[in-house]
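# Observations on the model geometry
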Amino acid sequence: MRVPVNRILDGWNDFWFRPRSASTLALIRIATGAMLAYVHAVWCLRLSDFMGHHALIDNEHIRRLHQNDFAWSYLWDVRDMPTLWLHQGIAILLAICLCIGFLTRFASPMIWFMTLMVCHRMTGFLFGLDQVVMMLAMYLILAPTGSRWSVDAWLSRRLARGENSMKLLRWLFPSTEPSSMTTIASRLIQIHLCIVYLFGGIAKLRGEMWWDGTAMWFSAVAYEYQSLDLTWLGRYSLMGAILSHVTVFWETFYCVLIWQRWSRPYFLAIAVAVHGGIALFLGMITFGMMMIVANLVFIEPEWIDRMIARRRLQSHKT
């Protein structure tokens, strides 16, 4: 029995703690930081409707909505607009720092926390995009994502990082060496995605329209989401039924088949098609984009590094 147990333990340790490059998470960091800056900027367009004395949902009602959970926000006690504008300005600046990878170790937890405070204050105004970016921002805190494609990486190459350099300096500007924390953060995002898709698939299985194949049609012609005219799908009921059933199968079994090497490319391709379709045809561009970004976590960073090295080699040859 020792051999199987040892193999299981070795596999468990390899799954969670084998050091890996931060290349994939660095790409996700760039997209997440840019989207957080965009989200905070959009909130500023109607800031007085969301927060302050004249908010559509006042602080007292927000407190009552959260009285049975652990949510809390210091913005419950902030009502003057200049302070709220300053808060949003700082949040946008931190989001930009996360995007470009400047002082990422500080910017990452700070923008996550400030966005969480806004989300707890704006209960009732949020949708899937806010949940996705918050999920990604939370796990990115764990990994040294500033070690790749960032201002931090540029500074790290120009600062002394020898054995005698300060620990704070080494922590603030991490090296490009593979890290176990990168692996842990990647696995947490992957498992979180699997849970989201699993429960989404189960919810769809409870709907009659997903069983009779008409769900895709009704989604496409819903006027409140429609960005392109897809009423022509009504002439091809078989196509709509196939798309509906493929979507349910993909979402339900994503948590199993995404881990298999032979099926992963197909499931990632369907993820791009599904969320790309949501972005293009249902008007939820930002949500669709960020879900595609989240799925990038299943792309091995070594593959990205090889592709970049190959491109550099080709550019040098030319």
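Quick summary incoming for the structure in this document. (Residues numbered from 1 in each chain as written. Predicted model: local features only at pLDDT ≥ 70, side-chain atom pairs only at ≥ 80, totals over all residues. Heavy atoms only, no water.)

Counting residues in hydrophobic clusters, the biggest one holds 56 residues, and the most contacted among them are Leu25, Leu136, Leu193, Tyr254, Met290 and Phe298. Among the elements that make up this core, the one with the highest residue count is helix H7 (residues 128–140) (9 residues). Setting aside chain neighbours within four positions, we find Leu25 in contact with Leu140, Ala143, Thr145, Thr182, Ala185, Ser186, Ile189 and Val297. (Core = buried A, V, L, I, M, F, W, Y, C linked by side-chain atoms within 4.5 Å. Buried < 20%, exposed > 50% of the residue type's maximum accessible area, 1.4 Å probe, protein only. Helix = DSSP H or I, 4+ residues; strand = E, 2+ residues; numbered from the N terminus. Contact = heavy atoms within 4.5 Å.)

Time to look at the environment of Thr286. Along the polypeptide, Thr286 turns up in helix H15 (residues 285–295). You can call Thr286 buried: its relative accessible area is 17%. Along the backbone, Thr286 and Tyr38 are 248 residues apart, and their C-alpha atoms lie at a distance of 9.6 Å. Apart from the residues within four sequence positions on either side, Thr286 is in contact with Met35, Tyr38, Phe127 and Leu129.

Nonpolar side chains collect at one region of the surface, where Trp232, Tyr236, Met239 and Leu243 lie side by side and expose about 370 Å² of accessible area between them. Within the fold, Met239 resides in helix H13 (residues 237–257). The exposure class of Met239 is partly exposed, given its relative accessible area of 37%. (Patch = residues over 30% accessible without salt bridge, like charges linked within 9 Å, V, L, I, M, F, W, Y side chains within 5 Å. Areas by Shrake-Rupley, 256 points an atom, 1.4 Å probe, with all protein chains shown as cover. Salt bridge = Lys/Arg side-chain N within 4 Å of Asp/Glu carboxyl O.)

The final tally for this structure, using the stated rule, is 7 salt bridges. Members of the salt-bridge network, linked through shared partners, are Arg20, Arg264 and Glu300.

Next up on the list: unusual backbone geometry. Although it is not a glycine, Leu103 adopts a positive phi angle of roughly 50°. By secondary structure assignment, the location of Leu103 is in the loop between helix H5 (81–100) and helix H6 (104–121). Its relative accessible area of 30% is what places Leu103 among the partly exposed residues. The backbone of Trp149 shows a phi angle near 50°, a positive value even though the residue is not glycine.

Turning to the state of the cysteines, a few remarks are in order. Inspection of the entire model under this criterion finds 0 disulfides. Here Cys99 is not cross-linked by a disulfide; its sulfur's nearest cysteine counterpart is in Cys97, at 9.9 Å. Take Cys255: it sits in no disulfide, and the sulfur closest to it among the cysteines is that of Cys194, at 5.9 Å. (Disulfide = S-S within 2.5 Å.)

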